[in-house]
Amino acid sequence: MPLVNGISKPAGVRCVQLTADNACAIFGHPDRPAVCASLQPAPEMCGDNREQALRWLGHMERDTAP
């Protein structure tokens, strides 16, 4: 699994920083990884639901794998 800016987590695996309502627990904190802060959501990325968003992220992970 690739390491990106100190994060190594496969697509579809819940981030340990997500709260029960799917908010980032460290949003706005200086220790939030740069890769998270740089991710800008877009309609094609988010889709209509969580399943579609995770599918998109999985495609991106495969398309950008070394």
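Residues numbered from 1 in each chain as written. Predicted model: local features only at pLDDT ≥ 70, side-chain atom pairs only at ≥ 80, totals over all residues. Heavy atoms only, no water.

## What about the overall build of the protein?
Each helix and strand in the protein was counted, giving three helices and zero strands. Walking the protein from its N terminus toward its C terminus, one meets helices and strands in the order α-α-α. In the protein, 38% of the contacts between residues at least 6 apart in sequence involve partners at least 24 apart. Entry remark: accessible area of the protein is about 5,200 Å², with carbon and sulfur atoms responsible for 59%. (Helix = DSSP H or I, 4+ residues; strand = E, 2+ residues; numbered from the N terminus. Contact = heavy atoms within 4.5 Å. Areas by Shrake-Rupley, 256 points an atom, 1.4 Å probe, with all protein chains shown as cover.)

## Focus on the pattern of salt bridges
Using the criterion set out here, one finds one salt bridge in the structure. Here Glu-51 makes a salt bridge to Arg-55, at a shortest N to O gap of 2.7 Å. Residue Glu-51 and its partner Arg-55 are located together in helix H3 (residues 50–63), separated by four residues, close to a single helical turn. By relative accessible area, which is 42% here, Arg-55 ends up partly exposed. (Salt bridge = Lys/Arg side-chain N within 4 Å of Asp/Glu carboxyl O. Buried < 20%, exposed > 50% of the residue type's maximum accessible area, 1.4 Å probe, protein only.)

## Re H3
Over its 14 residues, H3 extends 20 Å from the first C-alpha to the last, a length consistent with the 20 Å expected when each residue adds 1.5 Å. Residue Asn-49 occupies the N-cap position of H3, its side-chain oxygen lying 3.1 Å from the main-chain nitrogen of Glu-51. (Expected span 1.5 Å × (residues − 1). Polar contact = N/O pair within 3.5 Å; in protein donor to acceptor, adjacent residues only side chain to side chain.)

## Re unusual backbone geometry
Within the chain, Asn-22 stands out as a residue other than glycine whose phi angle is a positive 65°. Tracing the sequence through the fold places Asn-22 in the segment before helix H1 (34–38).

## What about the confidence of the model for the protein?
Interpretation of this model should avoid reading the predicted coordinates in detail wherever pLDDT is low. When the pLDDT values of the protein are averaged, the result is 82; 86% of them are 70 or greater. Averaged over each element, pLDDT in the protein is lowest for H1 (83) and highest for helix H2 (residues 43–46) (90). (pLDDT = per-residue confidence, 0-100.)

## Description of the environment of Gln-17
Along the polypeptide, Gln-17 turns up in the segment before H1. On the accessibility criterion, Gln-17 (30% relative accessible area) is partly exposed. When the C-alpha atoms of Gln-17 and Phe-27 are compared, they prove to be 9.1 Å apart, with 10 residues separating the residues in sequence. Once residues lying within four places of it in the same chain are set aside, the contact partners of Gln-17 are Ala-23, Cys-24, Ala-25 and Ile-26.

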